[in-house]
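# Residue-level structure breakdown
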Amino acid sequence: TGFWTVWKAWKAASTKGGGGLGGTTPTTPIAMASWHHAIKPISLILLRTSIHAILLQSLVMIIDYHFYGRIVSPIWNIFAYNAQSGGDELYGIEPLSYYVKNLLLNFNLV
């Protein structure tokens, strides 16, 4: 498994099937089988990444508990500061339409 296995399976699925989004959506049985083999490693990578993130976050929280004497989550602190305490005002606030236009411009859809 790994990135290159996923990449090769993805390329095989997109070149054998054709159709859809510029050849990325498989339509033939061979391409669909390749597509399935591409999705399986991606889900395994996401699962392994999630497990590692949980383990690392747990380790950080244990170390922080040792030094601070209480349970502290750096991820929650960042979220709470930016979303609840008005920390987002340091960077400016844009309306939703700004982000939609920016997304469309970045993908050359406009």
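Predicted, not measured: the structure shown is a model, and the values here were computed from it. (Residues numbered from 1 in each chain as written. Predicted model: local features only at pLDDT ≥ 70, side-chain atom pairs only at ≥ 80, totals over all residues. Heavy atoms only, no water.)

Together, Leu56, Leu59, Ile63, Phe67 and Tyr68 make up an exposed nonpolar region whose accessible area comes to about 590 Å². Here Ile63 is to be found in helix H2 (residues 29-68). (Patch = residues over 30% accessible without salt bridge, like charges linked within 9 Å, V, L, I, M, F, W, Y side chains within 5 Å. Areas by Shrake-Rupley, 256 points an atom, 1.4 Å probe, with all protein chains shown as cover. Salt bridge = Lys/Arg side-chain N within 4 Å of Asp/Glu carboxyl O. Helix = DSSP H or I, 4+ residues; strand = E, 2+ residues; numbered from the N terminus.)

Here Ile42 shows up in helix H2. Sequence separation between Ile42 and Thr5 is 37 residues, and the spatial gap between their C-alpha atoms is 9.6 Å.

Moving on, we come to the confidence of the model for the chain. Low pLDDT marks stretches whose predicted atomic positions should not be read closely. Residues at a pLDDT of 70 or more form 61% of the chain, whose mean pLDDT is 76. Per-element averaging of pLDDT across the chain places helix H1 (residues 3-17) at the bottom with 65 and helix H4 (residues 96-106) at the top with 88. In the predicted structure, residues 18-23 sits below a pLDDT of 50 and forms nine contacts with residues beyond four places in sequence or in another chain. (pLDDT = per-residue confidence, 0-100. Contact = heavy atoms within 4.5 Å.)

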